[in-house]
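For reference, the chains in residue letters:
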Amino acid sequence: MADSAGAADFGTPAARARIVSRISPRYRGEMHFLGLLTEVALLMGVALWLVRDVRPWEWLLVPAALVFGNGVEWLVHRGPLHHPWPPRLPYNRHTLTHHAAFSDRDMAVASWRELRIVLFPLYALPLLEVMVLPVFALVWWTLGRNAAGLFAFASVLYYLIYELLHLAYHLPAHHPVSRLRVVGWLKRHHQRHHDPREMTAGNFNVSIPLFDWLLGTRLRDAEDQGAQRASADAASDATHTIS
Ligand SMILES: [Zn+2]
Ligand SMILES: [Zn+2]
């Protein structure tokens with residue numbers, strides 16, 4: 001197993017080298033990625049199998065599930081992924097492995113093998129779906145089978161978006177996906193979170209920073225602060241000019 005780094009060299013190339021050296025020789029990043037796409041397709045198929053003759057209002061369950069997913073992402077990331085609560089596995093895998101291997105100064109994967117420390121393990125998606133089963137049951141009970149099916153479909157879609165975006169942020173800068181403007185903007189948000197001094201302070205959304213914005217945990221990057229200072233200076237200049 002690839003877990004975990006010591007505190008002394010957290011986020012350094014030495015920590016990454018040691019973590020990567022512990023990945024099983026049998027591990028194949030390509031198979032991990034293919035496994036993710038396969039389990040997503042299977043679960044989406046099961047969810048859509050529940051859905052028949054959708055009424056217009058039932059489509060609202062898709063954006064509702066995406067917003068719900070964003071809240072779960074924020075909560076799980078801020079909680080068990082960054083606190084050594086029992087069982088420590090999520091903390092070991094995220095803080096002591098993912099963060100210890102990738103600091104904000106060097107987030108790019110160097111090989112398919114390093115997907116082991118970027119992607120969630122394949123059991124994470126079924127486990128998360130089991131955890132949200134009470135919500136799924138509540139939706140079915142109150143709004144019906146179609147609503148539950150669309151909710152389940154969108155929750156799996158959200159997981160896929162999370163995994164693909166997170167992987168995109170950890171691709172090398174020359175990769176075509178890294179050059180997309182939207183990926184660049186979202187990557188800066190996540191990169192700030194990879195600063196070891198700030199990883200518990202904010203930017204807990206990895207995909208769209210909706211709950212970071214709603215709950216005030218969005219860390220401003222230097223560019224934002226510079227722009228804010230410039231606009232404050234301009235306002236102050238304007239005030240002086242007027243007075
Ligand atoms: Zn990351
Ligand atoms: Zn984190």
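Here is what the cut-offs are and how they apply
- Residues numbered from 1 in each chain as written.
- Chains lettered and ligands numbered in written order.
- Predicted model: local features only at pLDDT ≥ 70, side-chain atom pairs only at ≥ 80, totals over all residues.
- Helix = DSSP H or I, 4+ residues; strand = E, 2+ residues; numbered from the N terminus.
- Buried ≥ 20, exposed ≤ 12 C-beta atoms within 10 Å, placed from the backbone.
- Contact = placed C-beta atoms within 7 Å.
- Axes fitted to C-alpha atoms, helices over the stretch in contact; angles between N-to-C directions.
- Parallel < 35°, antiparallel > 145°, perpendicular 65-115°, else oblique.
- Left-handed = near helix turned anticlockwise from the far one by under 90°.
- Expected span 1.5 Å × (residues − 1).
- Core = buried A, V, L, I, M, F, W, Y, C linked by C-beta atoms within 7 Å.
- pLDDT = per-residue confidence, 0-100.

Asker: Explanation requested: the overall build of the protein chain in the structure shown.
Answerer: In terms of regular secondary structure, the protein chain is built from ten helices and zero strands. Tracing the protein chain from N to C terminus, the helices and strands come up as α-α-α-α-α-α-α-α-α-α. Counting all 243 residues of the protein chain, 29% fall into the buried class. Taking as baseline every contact in the protein chain between residues at least 6 positions apart, the subset at least 24 positions apart corresponds to 68%.

Asker: Explain the packing of helix α1 (residues 13-21) against helix α4 (residues 89-101) to me, please; I cannot follow it from the model alone.
Answerer: Describing two packed helices takes the angle between their axes plus the distance from one axis to the other. Running from N to C, α1 and α4 cross one another at 120°; their axes reach a closest spacing of 8 Å. Judged by the angle between their axes, α1 and α4 are oblique. α1 and α4 meet at a crossing whose hand is left-handed. In contact with Ala-15, Arg-16 and Ile-19 of α1, α4 contributes Thr-97, Ala-100 and Ala-101.

Asker: I tried to follow helix α3 (residues 61-78) on my own but got confused; where do I start?
Answerer: Quick reminder: α-helices carry 3.6 residues per turn. Residues three or four places apart thus point the same way. Taking 1.5 Å as the rise per residue, α3 with 18 residues should run 26 Å; its terminal C-alpha atoms sit 25 Å apart, in good agreement. What α3 keeps buried is the set Leu-61, Ala-65, Gly-69, Asn-70, Glu-73, Trp-74 and His-77. Contacts made by the buried residues of α3 are with α6 (133-143), α7 (145-169) and α9 (210-214).

Asker: What is the right way to read α4 from this model?
Answerer: When α4 is considered as a whole, its buried residues turn out to be Tyr-91, His-94, Thr-95, Leu-96, Thr-97, His-98, His-99, Ala-100 and Ala-101. Packing partners of the buried residues in α4 comprise α1.

Asker: Quick question: what am I supposed to make of the nonpolar core here?
Answerer: Soluble globular proteins: nonpolar side chains tend toward being buried together. Of all hydrophobic cores here, the largest spans 18 residues; its most connected members are Leu-61, Phe-151 and Ala-154. Ranked by residue count, the leading element in this core is α7, at eleven residues. Beyond its immediate sequence surroundings of up to four residues, Phe-151 is in contact with Leu-61, Ala-65, Phe-136 and Val-139. Core analysis: the next-biggest nonpolar cluster, separate from the first, contains 14 residues, Ile-19, Ala-100, Val-109 and Val-118 among them.

Asker: Just to check I follow, could you spell out unusual backbone geometry for this structure?
Answerer: The bulk of non-glycine residues show a negative phi, and the bulk of peptide bonds are trans. Residues Pro-86 and Pro-87 are joined by a peptide bond in cis, for which omega reads -10°. Of note, the phi angle at Asp-53 is positive, near 45°, even though the residue is not glycine. Mapped onto the elements of the fold, Asp-53 is located in the loop between α2 (29-49) and α3. The class for Asp-53 is exposed, based on 6 C-beta atoms found within 10 Å. For Asn-203, which is not glycine, the phi torsion reads 55° and is therefore positive. Inspection of the secondary structure puts Asn-203 in the loop between α8 (181-193) and α9. Taking the C-beta count within 10 Å as the criterion, Asn-203 has 25 such neighbours and is therefore assigned buried.

Asker: Sorry, what's going on with the environment of Val-40 here?
Answerer: Along the chain, Val-40 falls in helix α2. Val-40 sits 85 residues away from Leu-125 along the chain, and the two C-alpha atoms are 8.2 Å apart.

Asker: Please clarify how the confidence of the model for the protein chain should be interpreted in this entry.
Answerer: In low-pLDDT regions, the fine details of the predicted coordinates are not to be read closely. On average, residues of the protein chain carry a pLDDT of 89, and 87% of them reach 70 or more. For the stretch residues 1-5, pLDDT sits under 50, and the model shows 23 contacts to residues farther than four places along the chain or on other chains. Scored below 50 in pLDDT, residues 226-243 shows zero contacts in the model against residues more than four places distant or in partner chains.

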